[in-house]
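In case you want the letters, here they are:
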Amino acid sequence: MINEKLISKLAALFFVIIIITDFYYKYIFYNNSEVIKLTLIKVFIGAFLATFIALSKQTDKKSYMFLGLLFVSCVISLLSQDNSMVNHNIYHFSKYAFGVIAMLFFFKEYERLQTIYLKKIILGLVLLNFVFILLGFFFNIHVFETYYGDRFGYNGIFKSTSTASYFYMLSLIYYLLYRRKNYLTYILLSIIVLSSLFVGSKTLIAFIVITSTIVLGRFIVSKQKLVGKNLFYVLYIFIISTLSIYGFKLYLTLNTTLNNVLTKDGMLSAFFSYRDVHFNKALANIKEHYGVLNYLFGGASLIERLPEMAFIDLFLSFGLIGTIVYILLIRHNFPKINSKLAIVLFLVIGTSIVLRGNFLYYPSVIYITLAIFTVILNEIYTNT
């Protein structure tokens, strides 16, 4: 019999280990110190989760069929690419594999996991990282900066912009949906919003603006009696959209780094952080190097750089067939969400993943996101 309490504690422990190891790499990078590779830690976490999935017998035959097809697609993809890039390709697929394993674990086990341990970690990390962000800002501590260079941003102990962004986006959703709100809840929401602004990520700031707009709109529509509900939302969306366009232009103007990109390379490059350029280069690489098998099963090593746009990266890595199988696997196992607000906010996050994310093959990001996602599901279903 599986010890649910032990598994819950281990899931929370893995969360902490990932944060600590990521900060270790960030510290080494900023101080130009000698690196001791800690990759085996994530390999161990992935292997443990995979073993648990197999032993728990929560995964159905259809999921195993999709996993088998995905494995075959990966093998064909490897065989269709340059042999000298085998190790690189295996490493690339292993990062995707970690994401698939993490998704299956949290999607299947969210009802059985005791999320009290993860909740305590989220609370502690929100408070602790805010302190590190303020220390970095006021005392110019470079290791707590988001970006290596002149661009403004402080993400504390988080290694990357992506990790900080998804942590704060999911944490914001969790505390917004928290049913037993008290003064501490509102303090935490305020800290999350302030921390998000300090991080300096366009995606995170956009999410804060969109979420605030949705929450404010829901509040106003419940109070105002001047116009009908539908008309109010049309006017509200028009006003907010107009203000957002001007606000984004002002943000680009005030941010020196992004303003230079805007002036030199245009709005698309400023908005997508040069992902549009990487996408165009990837298209050129496809035309030059791709064969029939690559279109069907992928050829990531034939691309100079992945554009970091989820579906494009999926296609480049797994091809048309592998991408379809991957999507069907996730769709088949994705939990039902019984909250309209949560659905809307998750769709916003999903859009950011599609347009700007390296989410699916970034083990730290996907584990942290799914862990908090599990806490949110627990909050929704234990209070309905």
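Being a predicted model, the structure only gives us computed values, none of them experimental.

A. Representation of the overall build of the protein chain within the structure. Tallying secondary structure elements over the protein chain gives 16 helices and zero strands in all. Counting only C-alpha atoms, the protein chain reaches 65 × 60 × 50 Å along its principal axes. Within the protein chain, buried positions represent 49% of all 384 residues. The long-range fraction of contacts in the protein chain, counting pairs at least 24 apart against all pairs at least 6 apart in sequence, stands at 72%. Within the structure as shown, the protein chain displays about 19700 Å² of accessible surface, and the carbon and sulfur contribution to it stands at 69%.

B. Up close: unusual backbone geometry. Of note, lysine 57 is a non-glycine position whose phi angle comes to about 60 degrees, a positive value. Residue placement: lysine 57 occurs in the loop between α2 (39-56) and α3 (61-79). Under the relative-accessibility criterion, lysine 57 is labelled exposed at 72%. Within the chain, glutamate 308 stands out as a residue other than glycine whose phi angle is a positive 65 degrees. Within the fold, glutamate 308 resides in the loop between α13 (292-297) and α14 (310-333).

C. Spatial organisation of the confidence of the model for the protein chain. Averaged over all residues, the pLDDT of the protein chain is 90; the fraction at 70 or higher stands at 99%. Taken element by element, the protein chain is modelled with least confidence in helix α10 (residues 256-265), mean pLDDT 76, and with most confidence in helix α5 (residues 116-139), mean pLDDT 97.

D. Here's a closer look at the packing of aromatic side chains. If you walk through the whole model with that rule in mind, you get 36 aromatic pairs. One aromatic cluster is present, formed by Phe93, Tyr96, Phe318, Tyr326 and Tyr361 through successive ring pairs. Positioned over the ring face of tyrosine 147 is arginine 151, at 4.1 Å from the centre of the ring.

E. The environment of leucine 293, seen in detail. With respect to the element layout, leucine 293 can be found in helix α13. When its relative accessible area of 42% is taken as the criterion, leucine 293 is described as partly exposed. C-alpha separation for the pair leucine 293 and serine 77, spaced 216 residues apart in sequence, amounts to 7.3 Å. Those residues in contact with leucine 293, other than ones at most four positions away along the chain, are Ile76, Ser80 and Gly298.

F. Structural view of the pattern of salt bridges. Under the defined criterion, the tally for this structure stands at six salt bridges. Salt-bridge contacts for glutamate 379 lead to lysine 119; the nearest nitrogen and oxygen are separated by 3.9 Å. With a gap of 260 residues between them, glutamate 379 in helix α16 (residues 363-381) and lysine 119 in helix α5 connect regions that are remote in the sequence. For lysine 119, a relative accessible area of 18% translates into the label buried. The partner of glutamate 308 in a salt bridge is arginine 305, and the shortest N-O contact between them spans 3.5 Å. We classify glutamate 308 as buried; its relative accessible area is 18%. Salt bridges sharing common partners tie together Lys119, Arg180 and Glu379.

G. Quick peek at the packing of helix α8 (residues 202-223) against helix α9 (residues 229-254). Contact geometry of α8 with α9 gives a least axis separation of 11 Å together with a crossing angle of 155 degrees. Taken together, the axes of α8 and α9 are roughly antiparallel relative to one another. In the packing of α8 onto α9, the handedness of the crossing is right-handed. Between α8 and α9, the contacting residues are Lys202, Ile205, Val209, Thr213, Leu216, Gly217, Arg218, Ile220 and Val221 on the first element and Lys229, Phe232, Tyr233, Tyr236, Ile240, Ser244, Phe248 and Tyr251 on the second. Among the residues forming the contact of α8 with α9, the class breakdown is eleven nonpolar, three polar and three charged.

H. Molecular detail of α9. Taking 1.5 Å per residue, 26 residues should reach 38 Å; α9 reaches 36 Å between its end C-alpha atoms and fits that length. Those residues of α9 lying buried are Phe232, Tyr236 and Leu252. On its buried face, α9 is in contact with α8, α10 and α11 (267-272).

Parameters and conventions
Residues numbered from 1 in each chain as written. Predicted model: local features only at pLDDT ≥ 70, side-chain atom pairs only at ≥ 80, totals over all residues. Heavy atoms only, no water. Helix = DSSP H or I, 4+ residues; strand = E, 2+ residues; numbered from the N terminus. Buried < 20%, exposed > 50% of the residue type's maximum accessible area, 1.4 Å probe, protein only. Contact = heavy atoms within 4.5 Å. Areas by Shrake-Rupley, 256 points an atom, 1.4 Å probe, with all protein chains shown as cover. pLDDT = per-residue confidence, 0-100. Phe/Tyr/Trp six-rings, centres within 6.5 Å; stacked < 30°, edge-to-face > 60°. Lys NZ or Arg CZ within 6 Å of the ring centre and 35° of its normal. Salt bridge = Lys/Arg side-chain N within 4 Å of Asp/Glu carboxyl O. Axes fitted to C-alpha atoms, helices over the stretch in contact; angles between N-to-C directions. Parallel < 35°, antiparallel > 145°, perpendicular 65-115°, else oblique. Left-handed = near helix turned anticlockwise from the far one by under 90°. Nonpolar A, V, L, I, M, F, W, Y, C, P; charged D, E, K, R; others polar. Expected span 1.5 Å × (residues − 1).

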